[in-house]
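Residue-level structure breakdown
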Amino acid sequence: MSTAIKIFSPATVANVGCGFDVLGFCLDTIGDEMLIRKTTAKGIKITKIEGFDLPYDVKENVAGISALAMYEDLKPNCGFEIEIYKKIKPGSGIGSSSASAAGSVFGINAILGFPLNKTELTFYAMKGEAFASKSEHADNLAPAIFGGFTLVKSTHPLRILELPTPKNLYATLIHPQIEIKTSEARALLPDKLKLSSAIRQWANIGSLVHGLHTSDYELIKESMTDVVAEPYRKELIPYFDKLKAAVLKAGALGCAISGSGPSIFALSKGKKTAKIVEQVMNHVYSESDIPFETYVSKINQEGIKIL
Ligand SMILES: Nc1ncnc2c1ncn2[C@@H]1O[C@H](COP(=O)(O)OP(=O)(O)O)[C@@H](O)[C@H]1O
Ligand SMILES: N[C@@H](CCOP(=O)(O)O)C(=O)O
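Note that the structure is a prediction, hence the values are computed from the model and not measured.

**Remarks on the overall build of the protein chain**
Looking only at helices and strands, the protein chain has 10 helices and 11 strands in total. Principal axes of the C-alpha set define a box for the protein chain whose edges measure 60 × 40 × 35 Å. Contacts in the protein chain between residues far apart in sequence, at least 24 positions, make up 74% of those at least 6 positions apart.

**Points about the sheet that holds strand β10 (residues 292-298)**
Taken in spatial order, the four strands make up an open sheet running β8-β9-β7-β10, and their pairing is antiparallel. The strands lining the two open edges of the sheet, one partner per strand, are β8 (254-257) and β10. Averaged over all pairs of adjacent strands, the angle between their axes in this sheet comes to 20°, without regard to strand direction. As paired strands, strand β7 (residues 169-176) and strand β9 (residues 264-269) are joined by six bridges and run antiparallel to one another. Among the inter-strand pairings, Ala-171 is bridged to a residue of β9, identified as Leu-267. The strands touched by helix α10 (residues 271-285) within the sheet are β7, β9 and β10, with β7 carrying the most contacts at an inclination of about 15°.

**A closer look at the site of ligand 1**
Around ligand 1, a shell composed of 19 residues is seen, among which Ser-96, Ser-97, Ser-100, Ala-132 and Thr-182 lie nearest. Secondary-structure elements contributing two or more residues to the shell around ligand 1 are α1 (62-74), α2 (96-111) and α3 (118-133). In terms of residue count, the dominant contributor to the shell around ligand 1 is α2 (four residues). Grouping the amino acids of the shell around ligand 1 by side-chain chemistry returns six nonpolar, 12 polar and one charged. When residues of the shell around ligand 1 are assigned to domains, at least three fall in each of domain 1 (4-163) and domain 2 (169-298).

**Structural notes on the site of ligand 2**
Close to ligand 2 lie 17 residues; Ala-14, Gly-93, Thr-182, Gly-259 and Ser-260 are nearest. Within the shell around ligand 2, the residues separate by chemical class into five nonpolar, nine polar and three charged.

**Focus on the confidence of the model for the protein chain**
Overall, the prediction assigns the protein chain a mean pLDDT of 96, with 99% of residues at 70 or greater. For this predicted complex, the interface score ipTM comes out at 0.97, alongside a pTM of 0.97.

**Thoughts on the nonpolar core**
Of all hydrophobic cores here, the largest spans 89 residues; its most connected members are Ala-67, Ile-82, Ala-102, Val-105, Ala-125, Leu-141 and Ile-145. Of the domains in this structure, domain 1 (4-163) and domain 2 (169-298) are the two that each give at least three residues to this core. With near-sequence residues (within four places) excluded, Ala-67 lies in contact with Ile-44, Phe-80, Ile-82, Ser-104, Val-105 and Ile-108.

Criteria and thresholds
Residues numbered from 1 in each chain as written. Chains lettered and ligands numbered in written order. Predicted model: local features only at pLDDT ≥ 70, side-chain atom pairs only at ≥ 80, totals over all residues. Helix = DSSP H or I, 4+ residues; strand = E, 2+ residues; numbered from the N terminus. Contact = placed C-beta atoms within 7 Å. Pairing = 2+ DSSP bridges. Axes fitted to C-alpha atoms, helices over the stretch in contact; angles between N-to-C directions. Near = placed C-beta within 6 Å. Nonpolar A, V, L, I, M, F, W, Y, C, P; charged D, E, K, R; others polar. Domains from an automatic or database assignment. pLDDT = per-residue confidence, 0-100. Core = buried A, V, L, I, M, F, W, Y, C linked by C-beta atoms within 7 Å. Buried ≥ 20, exposed ≤ 12 C-beta atoms within 10 Å, placed from the backbone.

This is the structure we're talking about:
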């Protein structure tokens with residue numbers, strides 16, 4: 001049994017357009033690193049955080065909250081120290097809190113010899129995610145822990161479905177350097193949906209999932225539209241409409257807000273188109289005075305891993 005492990009905990013894109021709170025996929029170029037160390041002293045401690053200013057208090061840091069929930073149930077005869085090397089900016093819309101919440105439980109589970117399966121890890125990680133976003137959703141956690149595309153069939157009981165990734169699918173992302181708290185972006189959404197919007201949305205989710213299963217790029221293209229969250233949230237993201245129109249014109253299959261934003265993602269068939277889409281995103285945002293970063297990423301099939 002090892003006493004310390006280093007892990008990579010990936011960034012993720014939640015919602016995938018139409019799948020609010022249920023669909024997500026895993027990115028391969030962006031993520032946090034964490035070190036989990038076994039100690040003889042009992043309890044959970046966060047001993048180092050680099051990259052961003054986040055709380056060391058285990059009850060206020062999502063990594064500590066999820067680790068503590070798992071620790072209190074498993075009652076191991078040891079303790080754990082957590083070091084977080086944060087690369088994913090909190091409030092960026094690519095699952096920053098989720099990477100930390102998933103990372104601590106994954107690391108502890110590995111040191112203890114893997115007593116829990118991936119769904120059980122997601123269950124404990126949800127405790128941390130709920131603290132950050134004020135809602136127990138698992139659409140970032142599931143792809144971070146399982147890799148690839150996932151669908152959260154239900155949270156109570158937790159049931160996660162792993163979806164296939166068409167071979168040639170690439171993601172392009174732009175991260176404008178403004179912060180949108182997930183809890184605030186959720187508070188913008190209405191409690192009730194118009195029946196006509198609900199019908200469009202569930203038809204889109206069903207056909208997007210079918211498109212992933214059959215590698216039907218045309219169907220994926222027709223299915224990513226979000227009529228539930230995007231109309232309300234896009235107002236928080238400068239240049240959203242302009243960027244989306246330009247990206248679709250450049251050949252992307254779809255473009256939508258990543259999670260609760262401000263990041264925006266596009267899916268493309270082929271790396272070449274994904275790179276063109278990246279140039280277009282750069283071009284649109286270079287008109288603004290907002291600093292931004294762009295990335296092209298394969299869909300990461302492995303998810304969180306030991307380094
Ligand atoms: N380890 C952590 N990583 C990221 N955010 C954390 C962490 N611990 C607590 N937080 C808090 O969670 C909030 C960010 O979460 P959220 O708004 O869901 O953004 P994101 O989409 O980046 O996950 C911030 O208020 C941040 O202070
Ligand atoms: N389904 C959630 C996803 C939030 O993702 P994040 O990366 O912004 O934390 C939502 O849309 O609120």
